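Each chain, written out:
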There are 2 protein chains.
Amino acid sequence: MPAAPDFPGVVEATVAAFVETTPWEAIPEAVRHQARRSILNILATGFAGAGEAAIDTALRVMRPFSGPPTAHLVGRPERVDAALAAFLNAAAANIHDFDDTHPATIIHPTAPVAPALFAFAEGRAIPGRDLLRAFVLGAEVECRLGNALSPYHYARGWHITSTCGAFGAALGVGALAGLDRRRLIWAMGSAAAQAAGLVETLGTMAKSVSVGNAARGGLLAALLAQADFDGPAAPVSGARGFARVHAEPPDLAALVDGLGERWEIGRNTYKPYPVGVVLNPVIDAALQLRAEGLAWDRVARVTLYGHPLLRQRTDRPGVATGRESQVSAQHAIAIVLKTGAADPAAFSDRAVAETLGRRPEVRFVDEPERDIASVRMEVETHDGQRRTIAIAAAKGTPDNPLADEEIAAKLRTQAATAKFPGDVDALIDAVWTLDVQPDAAVVPRLAAR
Amino acid sequence: MPAAPDFPGVVEATVAAFVETTPWEAIPEAVRHQARRSILNILATGFAGAGEAAIDTALRVMRPFSGPPTAHLVGRPERVDAALAAFLNAAAANIHDFDDTHPATIIHPTAPVAPALFAFAEGRAIPGRDLLRAFVLGAEVECRLGNALSPYHYARGWHITSTCGAFGAALGVGALAGLDRRRLIWAMGSAAAQAAGLVETLGTMAKSVSVGNAARGGLLAALLAQADFDGPAAPVSGARGFARVHAEPPDLAALVDGLGERWEIGRNTYKPYPVGVVLNPVIDAALQLRAEGLAWDRVARVTLYGHPLLRQRTDRPGVATGRESQVSAQHAIAIVLKTGAADPAAFSDRAVAETLGRRPEVRFVDEPERDIASVRMEVETHDGQRRTIAIAAAKGTPDNPLADEEIAAKLRTQAATAKFPGDVDALIDAVWTLDVQPDAAVVPRLAAR
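Calculation notes
- Residues numbered from 1 in each chain as written.
- Chains lettered and ligands numbered in written order.
- Predicted model: local features only at pLDDT ≥ 70, side-chain atom pairs only at ≥ 80, totals over all residues.
- Helix = DSSP H or I, 4+ residues; strand = E, 2+ residues; numbered from the N terminus.
- Contact = placed C-beta atoms within 7 Å.
- Pairing = 2+ DSSP bridges.
- Axes fitted to C-alpha atoms, helices over the stretch in contact; angles between N-to-C directions.
- Least-squares fit on C-alpha atoms with pLDDT ≥ 70 in both.
- Domains from an automatic or database assignment.
- Nonpolar A, V, L, I, M, F, W, Y, C, P; charged D, E, K, R; others polar.
- Parallel < 35°, antiparallel > 145°, perpendicular 65-115°, else oblique.
- Left-handed = near helix turned anticlockwise from the far one by under 90°.
- Expected span 1.5 Å × (residues − 1).
- Buried ≥ 20, exposed ≤ 12 C-beta atoms within 10 Å, placed from the backbone.
- Core = buried A, V, L, I, M, F, W, Y, C linked by C-beta atoms within 7 Å.
- pLDDT = per-residue confidence, 0-100.

## Some details on the overall build of chain A
Line of reasoning, step 1. The helix and strand tally for chain A stands at 20 helices and six strands.
Line of reasoning, step 2. Oriented by its inertia axes, the alpha-carbon framework of chain A measures out at about 75 × 50 × 40 Å.
Line of reasoning, step 3. Considering only intrachain contacts with a sequence separation of at least 6, the fraction spanning at least 24 residues in chain A is 79%.

Here's what the structure looks like:
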C-alpha cells in the first residue's frame, strides 16, 4: 500500500490496480458469499419497489429515450436498454430503503452496482463468476470511498449511496469490461463528474433520480472510458477532486489501507423489516410477544428503554401515512402485535389506517450508553399484567445477521406480495450458484416478468 | 419579493411563481435581444465543438441508448433522441469554453439551457417566442442561483456551469412545458438530485459529461415533474438542500431580490477569441499591431503591463499543445501577428508547432490596480523601433461588448471552419427573428448537417 495516499493520483492508481489485477481466487469465500447474499437481497427489494408509482412514472417518461430493449427489469414485463434498466432497477431496489446497509457509512452498496453489472452483462454471455468478482471489487471501493468521506459527507447533506455509488458502478462495470488501470481512472473521472444526490430529497420521488443515475452514470462512465474518453489523473484526491470537495478533510488512507486484505463489502448487512433501522430491535421484541400469544388489543402501555435516537426518531404516535409509519414505534408495535408480520404491507397506508387511534401509549426512557441495536421493552396490559423482553442485538445487525434462508425468505415474500408469476426457486438457485453459471444474465431473465 | 428568503421553501416558491407567471411582454426588449445573441453565439461554439473527439466518442458510446431520433445535432448529420441531443449539443457548445460568460459567476449560461429547450421543442411546433421566453426565465434563475453560491461554490471545486445549469434547464423546459409552480418546484427537486460537476475535470473529456448531463438532466427533471414525479418542498433552501450543501453560507436573497426587475441574463457576454479571458486585451492589442502592418518576425521583445493574474495565468513561453496555448501570452502574440486571426485554428496543435521556438520574449509588469480587462503592450523590434498599444476594455467585456454583427461573424467563421454545408444566412436570420417564427425547431433543423 502506498505510503502517501494524500499525494494526488496515488489513491486512484492504487484503486485502479486493485480493480484491474485482483483475481477471483484472491477473494475469500466469505466475501464471495456476502456478494451472493447482497444480490439475493437486492432482488427481494427490487420486487418490493418495482410497482411503485415513482418507477411507473420514471419508466413512462424515460422510455422514449431508451434504445433497443436488450435488458430486463426486476419484477416487470417491460424491456429497455441497458442504461435505463440500470437506472430503474437501482431506483426500484432502493426506493423503500429496504435494501442492504454498509454499517460504517449507511451506504446501500448494492443498488447502484449490481443493476449496472447485470444490465451490462445481458446479451454478452458473461460468466457469473466474472460478474460476482466485478461486484465485489466495485462495491468494495464504493464502501471504502464512503469511509474516506464519513461522517462529514452525509451529515453535510449528500446522499452517500448515490454519490459513492456512481464510483462503485463505474469500477464494477470497468472490471467486467476488462479495462486497464489507465481507463479505470478515466472511468472514475466521468463518475466524479456525475456524483450527485442530496439528503433533502429523501422521502420524495426525487431521491430515486440520484440512485438511478448512480447506476446509469457509472455504467456509462465505464463504457466511455473503454472508448478512450479521458479524465483527470486525480479525480478523487486532486485539489478539486471528488473527495476534497465533498469532505473536510477526506481520510484517503481509508480508501486504500488494507485493500485486498480487509473487505468492507464483507461487512454488508440486510434489513429484515422495511423500517428505519433504529426500530429493528423494537420489532424483534414485538414479534416475540406476538409469538407468545399476546393480543394487540390487550396492550395498554409500552415502555421502551433505548438509545436516545430511538426516541428522537420514532416517537411518532399520530402518523397517518405508510411512509411516516416506517419511523413510528407506536404503529410498529401495534401492527406487529396485530398481524405478526413486519413486511412492506405492514407499513402501507392501509395498515396505518388500521392502527390509527388504536395504538398503545409508548413511553421512552433514554439510555445513552445502550447499543443502538438493542432495546428493553416493558408491556403492561389492560388487566395489569406485565411482560419484559430484552433484545441484545436486533435481527439484521452485524452481531445477529440474517441467515441465508432468511434472505431467501425475504425474496419469496416480496415476490409473492408483488404477485410475481416467475420461478422464484430457480431465481434463488441461480444466485447461490452464480459463480458457476455460464451466463450471468440468467439472473435478470429469471427476475423479470 | 419575500422578506425572509432564508425560510425553507420561500425562494423556491418565489422562483417558481416567477417562471410560471412572467409573460413575454414583461421581458424588456434589451433582455430579449440578449437571448437572441446568446443563442446565436451558442450555435457558433456548437459548430466549433461538434467535431471534437470527445463528442464523436460520446455519440458512439451513447447512441445505443438513444430512443427514436426526433432531434438534430448542431453541425452533425446524425439524428438522436431529445435527451441525447440535449447532452451532445450542450457538451459540444461548451467544449472549448468558447461560449458565453455571465461575468459575476463565470457561468456559461446558454450551453445547458438552450440545447435542452430546442431538443424539447423539436416535433412539437412550439412558437419561437415561447422558446425565447423560456430561455430567458431558465437562464435568469441559473445565473441568480450562481450569484447565491458565489464565490464559495466554484472556489471549492464545483463546475458551476454544470451544477447551476441543471436548474436552468429544468426551469426553462418547465416554462416551455407550461408547468404550474408546484411542478416547477418538483422539477427543481429532480435537478437538485442531479447537480454535479467538478473543476478537477477541466481540460479533460470528463468535463463534457457534467455539462451534457446538466442539459439532459434538466430536461428529464421537467418531464418527470410534468408527469407528477414529486420532490422536496425546499430543494434549494432546505437544511440539506442544494444551496446550503454547496455554499457556505448561500446568499439566497441574491436568487430572488429584484427578480423580474434586474435581469442577470441581460449581462451575458460573448468571447471573441477561444482563450482564457485574461488574454483578450493582449489579443486585441496584437490584432491592432498586425493591422498596422507589423510583421511577426520583426518583433524582438514585448512588455505587458497588466493585472497580476495576466502574468500568473499566461506567462507560458514553452507551451506545446493547442489546449495549453489557450493560456499562453507568448503563443497568442506570435500567432496573431503571424496570421491576423485569433480563432480556434490559431490555438490548435498545428498552430502551436508553427510558433514554437519563434515566439517573442515577453516581460510582464504587474499593475495590481489595473482592470483585468485592460492592458498596455510595448513592442520592441529587432531594429530597435518601439510601439505602444493601450487597450482600456477588451473586446467581449461588458464595457466593450461584441456587436450583433460580430457574433454573426463568429458563427460564420466557425461554420466555415467546420466546412458546414448548410445555409448559414438562413440560420442567422432564424435566430434574429426567432420570436416571430411559428416553430422554434427551425433553428436546430437549419443548424444540422
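That was the structure; now back to the text.
## Description of the sheet that holds strand β3 (residues 299–306) of chain A
Residues and elements named next belong to chain A.
Line of reasoning, step 1. A sheet is described by the order of its strands in space; here four strands give the open sequence β4-β3-β5-β6, paired in mixed fashion. In the strand order of this sheet, the two ends are held by β4 (361–366) and β6 (386–391), each with one partner. Geometrically, the sheet is characterised by an average inter-axis angle of 15 degrees between neighbouring strands, direction not taken into account.
Line of reasoning, step 2. In terms of strand pairing, β3 meets β4 through six bridges, oriented parallel. Within β4, the residue paired with G306 across the bridge is D366.
Line of reasoning, step 3. The strands touched by helix α13 (residues 280–291) are β3, β5 (375–381) and β6; relative to β6, the strand with the most contacts, the crossing angle is about 135 degrees.

## Things to note about the relation of the copies chain A and chain B
Line of reasoning, step 1. Note on the identical chains: chain A maps onto chain B by a rotation of 180 degrees and an axial translation of 0.1 Å, with an RMSD of 0.1 Å. The two molecules are tied by a two-fold rotation axis, judged by turn and shift. No C-alpha of chain A lies nearer the rotation axis than that of G67(A), which sits 2.2 Å from it.
Line of reasoning, step 2. A shared binding surface is used by both copies, with 98% of the interface residues of chain A retained as interface residues in chain B.

## What about the sheet that holds strand β5 (residues 375–381) of chain B?
Residue and element names in this part refer to chain B.
Line of reasoning, step 1. Strand order in this open sheet of four strands is β4-β3-β5-β6, and the pairing throughout is mixed. If you trace the sheet from one side to the other, it starts and ends with β4 (361–366) and β6 (386–391), each paired once. Looking at each pair of strands side by side, their axes are set apart by 15 degrees on average, direction ignored.
Line of reasoning, step 2. The pairing of β5 with β6 spans six bridges and is antiparallel. Bridge pairing in β6 links V379 to R387.
Line of reasoning, step 3. Its contacts with the sheet put helix α13 (residues 280–291) on β3 (299–306), β5 and β6, and the angle it makes with β6 is roughly 135 degrees.

## Structural notes on the domain arrangement of chain A
Residues and elements named next belong to chain A.
Line of reasoning, step 1. Taken domain by domain, chain A comprises domain 1 (10–270 + 405–447) and domain 2 (277–391).
Line of reasoning, step 2. Each of domain 1 and domain 2 was reduced to a C-alpha centroid, and the two centroids are 33 Å apart.
Line of reasoning, step 3. Between domain 1 and domain 2, the contact holds six residues from the first and five residues from the second.
Line of reasoning, step 4. Residue composition of the side of domain 1 that touches domain 2, by class: one nonpolar, five polar and no charged.

## Some thoughts on the interface of chain A and chain B
Line of reasoning, step 1. Each side of the interface is counted separately: chain A has 52 residues, and chain B has 51 residues.
Line of reasoning, step 2. Where the side of chain A that touches chain B is concerned, the elements lending two or more residues are α3 (53–62), α9 (181–192), α10 (206–226) and α11 (242–246) of chain A.
Line of reasoning, step 3. Residue classes in the side of chain A that touches chain B are distributed as 28 nonpolar, 15 polar and nine charged.

## A short note on the packing of helix α3 (residues 53–62) of chain B against helix α4 (residues 82–94) of chain B
All names here are of chain B.
Line of reasoning, step 1. Here α3 crosses α4 at 165 degrees, and the two axes come no closer than 10 Å. On the basis of their axis angle, the class for α3 and α4 is roughly antiparallel. Seen from above, α3 lies across α4 with right-handed handedness. Packed against α3, whose contacting residues are I55, A58, L59 and M62, the element α4 presents L84, L88, A91 and A92 at the interface.
Line of reasoning, step 2. Class assignment for the residues of the contact of α3 with α4 results in eight nonpolar, no polar and no charged.

## Some words on helix α5 (residues 110–121) of chain B
Residues and elements named next belong to chain B.
Line of reasoning, step 1. Between its first and last C-alpha atoms α5 spans 16 Å; for twelve residues at 1.5 Å apiece the expected length is 16 Å, and the two agree.
Line of reasoning, step 2. By the criterion of burial, α5 is predominantly enclosed, with twelve of the twelve residues buried.
Line of reasoning, step 3. Within α5 the residues assigned to the buried category are T110, A111, P112, V113, A114, P115, A116, L117, F118, A119, F120 and A121.
Line of reasoning, step 4. One or two positions beyond α5, positive phi appears at G123, with a value near 85 degrees.

## A closer look at the pairing of β3(B)
Line of reasoning, step 1. For β3(B) and β5(B), the ladder comprises six bridges, and the chain directions are antiparallel. Within the sheet, the bridge partner assigned to Y305(B) lies in β5(B) and is R376(B).

## As for the environment of R301(A)
All names here are of chain A.
Line of reasoning, step 1. By the element assignment, R301 lies in strand β3.
Line of reasoning, step 2. Of the residues examined, R301 has 14 C-beta atoms within 10 Å and is grouped as partly exposed.
Line of reasoning, step 3. Separated by 81 residues in the primary sequence, R301 and L220 have C-alpha atoms spaced 54 Å apart.
Line of reasoning, step 4. Setting aside residues no more than four positions away along its own chain, R301 makes contact with P360, E361, R363 and E380.

## What to know about unusual backbone geometry
Peptide bonds are trans in most cases, and residues, glycine excluded, mostly fall at negative phi.
Line of reasoning, step 1. In this structure, P249(A) follows E248(A) across a cis peptide bond, with omega equal to -15 degrees.
Line of reasoning, step 2. Across the junction of S150(B) and P151(B), the peptide omega takes the value 5 degrees, indicating a cis bond.
Line of reasoning, step 3. With respect to the secondary-structure elements, P151(B) resides in the loop between α6 (128–149) and α7 (152–156).
Line of reasoning, step 4. Its identity as a non-glycine residue notwithstanding, D97(B) has a phi of 50 degrees, on the positive side.
Line of reasoning, step 5. D97(B) sits in the buried class, given 21 other C-beta atoms within 10 Å.
Line of reasoning, step 6. Even without being a glycine, A125(B) presents a positive backbone phi close to 50 degrees.

## So, the nonpolar core
Line of reasoning, step 1. Of all hydrophobic cores here, the largest spans 258 residues; its most connected members are L117(A), L219(A), L117(B) and L219(B).
Line of reasoning, step 2. Residue contacts for L117(A): discarding those within four places in its chain leaves L131(A), A134(A), F135(A), G172(A), V173(A) and L176(A).

## Things to note about the environment of T413(B)
All names here are of chain B.
Line of reasoning, step 1. Locating T413 in the fold gives a position in helix α18 (residues 404–417).
Line of reasoning, step 2. Residue class for T413 comes out partly exposed when judged on the 17 C-beta atoms lying within 10 Å of it.
Line of reasoning, step 3. Spatially, the C-alpha atom of T413 lies 9.2 Å from that of A48, the residues being 365 residues apart in sequence.

## What to know about α4(B)
Line of reasoning, step 1. Taking 1.5 Å of rise per residue, the 13 residues of α4(B) would be expected to cover 18 Å, and the 18 Å separating its terminal C-alpha atoms lies within 8% of that figure.
Line of reasoning, step 2. Counting buried residues along α4(B), 13 of its 13 residues qualify, which places the element largely inside the surrounding structure.

## Observations regarding the packing of helix α2 (residues 29–49) of chain B against α4(B)
Residues and elements named next belong to chain B.
Line of reasoning, step 1. In the contact formed by α2 and α4, the axes pass within 7 Å of each other and the chain directions differ by 90 degrees. For the element pair α2 / α4, the angle class is roughly perpendicular. From α2, I42, T45, G46 and G49 reach across to α4, where they touch N89, A92 and A93.
Line of reasoning, step 2. Here the contact of α2 with α4 is built from residues that sort into three nonpolar, four polar and no charged.

## Side note on the environment of V436(B)
Line of reasoning, step 1. Mapped onto the elements of the fold, V436(B) is located in the loop between α19 (424–432) and α20 (442–447).
Line of reasoning, step 2. Residue class for V436(B) comes out exposed when judged on the 9 C-beta atoms lying within 10 Å of it.

## Details of the confidence of the model for chain A
Line of reasoning, step 1. Summary statistics for chain A give a mean pLDDT of 96 and a share of 99% for residues scoring 70 or more.
Line of reasoning, step 2. Reported confidences for the modelled complex are a pTM of 0.94 and an ipTM of 0.94.

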